[in-house]
Amino acid sequence: MELSERLKKIPPYLFVELDRLKSEKLKEGADVIDLGVGDPDIPTPPEIVEVAKRALEKAENHRYPSNPGSLFYRKACADYMKRRFGVDFDQEGEVVALIGSKEGIAHFPLAFVNTGDVVLCPDPAYPVYHLGTILAGGMPYYMPLKWENDFLPDLSKIPQEILERTKILWINYPNNPTGAMASREFLQEAIKLAKRYNFIVAHDAAYVEQYYEERPLSIFEVDGAKEVAIEFHSLSKTFCMTGWRIGFAAGKRELVQGLAKVKSNMDSGVFTVIQEAGAYALSNLESLVPPLRKVFQERRDLLSQELSNLGYQFRKPLATFYLWVKVPGDLSSGEFCKRVLQELAIVITPGNGFGESGEGYFRIALTVGEERLKEAVKRLSTLRL
Ligand SMILES: Cc1ncc(COP(=O)(O)O)c(C=O)c1O
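Residues numbered from 1 in each chain as written. Predicted model: local features only at pLDDT ≥ 70, side-chain atom pairs only at ≥ 80, totals over all residues. Heavy atoms only, no water.

### Here's the deal with the site of the ligand
As a structural note, the neighbourhood of the ligand is formed by 15 residues, with Ser-101, Asp-204, Ser-234, Ser-236 and Arg-245 the closest of them. Between an oxygen atom of the ligand and a main-chain N or O atom of Lys-102, the distance comes to 2.8 Å. Here an oxygen atom of the ligand sits 2.7 Å away from a polar atom, N or O, in the side chain of Tyr-207. Taken by itself the ligand offers 400 Å² of open surface, and the protein chains cover 92% of this. The dominant element in the shell around the ligand, judged by the number of residues it contributes, is helix H5 (residues 101-112), at 3 residues. Broken down by class, the residue content of the shell around the ligand amounts to 5 nonpolar, 6 polar and 4 charged. (Near = heavy atom within 4 Å. Polar contact = N/O pair within 3.5 Å; in protein donor to acceptor, adjacent residues only side chain to side chain. Areas by Shrake-Rupley, 256 points an atom, 1.4 Å probe, with all protein chains shown as cover. Helix = DSSP H or I, 4+ residues; strand = E, 2+ residues; numbered from the N terminus. Nonpolar A, V, L, I, M, F, W, Y, C, P; charged D, E, K, R; others polar.)

### Some thoughts on helix H4 (residues 71-85)
An ideal rise of 1.5 Å per residue puts 21 Å on 15 residues; H4 measures up with 21 Å between its terminal C-alpha atoms. Within H4, the full set of buried residues consists of Tyr-73, Arg-74, Ala-76, Cys-77, Ala-78, Tyr-80, Met-81, Arg-84 and Phe-85. The elements touched by buried residues of H4 are strand S2 (95-98), strand S7 (229-234), strand S8 (247-251), helix H10 (272-283) and helix H11 (285-309). Two residues or fewer past H4, Gly-86 is found with a positive phi of approximately 70°. (Expected span 1.5 Å × (residues − 1). Buried < 20%, exposed > 50% of the residue type's maximum accessible area, 1.4 Å probe, protein only. Contact = heavy atoms within 4.5 Å.)

### Points about the nonpolar core
Tyr-73, Leu-120, Leu-169, Ile-219, Leu-235, Phe-239 and Phe-248 are the most contacted members of the largest nonpolar core, which totals 68 residues. In contact with Ile-219, other than residues within four places in its own chain, are Ile-171, Leu-187, Ile-191, Val-201, His-203, Ala-225, Ala-229 and Glu-231. Among the nonpolar cores identified, the runner-up in size contains 42 residues, and Val-32, Leu-35, Leu-307 and Phe-336 belong to it. (Core = buried A, V, L, I, M, F, W, Y, C linked by side-chain atoms within 4.5 Å.)

### Some thoughts on the pairing of S7
The element S7 is extensively covered by neighbouring structure, given that 6 of its 6 residues are classed as buried. Inspection of the sheet shows strand S6 (residues 200-204) paired to S7 by 4 bridges, in the parallel sense. Bridging across to S7, His-203 finds its partner in Glu-231. Bridge count for S7 against S8 is 5 bridges, and the pairing is antiparallel. Note that in S8 the partner of Ser-234 across the bridge is Gly-247. (Pairing = 2+ DSSP bridges.)

Below, the structure written as structure tokens:
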């Protein structure tokens, strides 16, 4: 059966060759260190697990969940936004529960993008912005994130005729894969442009709680954002809950309602047990998250120091658990990562997998313990290019 035209437009998966090599290494019995995936190795805090266990015993939780999310969960989300960022959201109309933020990010364009509409997508980036755009019939316009511009898109370089056709501007700070943070000025500029050209700013804030120094900004800390923006939050990385599948979106009422309408026709909400655990996590963030942050900060400090000693070039990330590192020598990202896997049994992600502008970089995820990181550094020190 022939695939739909829509699906045919999805570019091929770039990591096929690396995945094959990794399986081969594992079959050979090699001691593979996987620094590829952004999936924390730390278990979910036990208090959250306990809340879920108790919630599982309640028969009423075994029925269909509330589609946009139970009110108690949406209230916990709105309270979180107020407590952390000082912004008010009406839990009934301006917050929607998500089955992980990926789900919301992928579905959002379906609510607002018509065939041929432009969606501004960062490059390199988490791929769901442009893939969701393509599936909705939109046209991604890629904005390069460059070292010399602190990995912020240069909005002034986007041609006027593109801005006039734009429906959504996707931004993501703290950023995957570059680890960069956004300045208030940049967020202000994005909001100003969106108002001028009448488009939506969709901010992916999946890593907003994974910071090591200054707290990153919510888009809603910028004046006027509520008139044009929606923000996607995830509990995955913040609470080491990637497998639970829970997040939320908050923002301008019409934007949240558009997304909720798409979702109400596609899924049946988040399991209420998970919402109870999620509400507990959000309400207790201030005690649950600092110990997790500390673990990642120690790993970041260790790896940053060791990679600098080896002569690698990168900006020490102020947030996220990623290091975005320049490929040494003349190798391409793909060639370098392949050699690192073949010769050292270390999995790292080639930058071009996140988009063309990622060529020349590789990404390391700090998702293994310090001993394994030290072992990875030891192996890297033997690499002769
Ligand atoms: C930038 C970014 N946004 C969103 C997500 C999706 O997170 P989840 O669907 O687990 O909430 C990820 C996951 O890796 C990510 O890196």
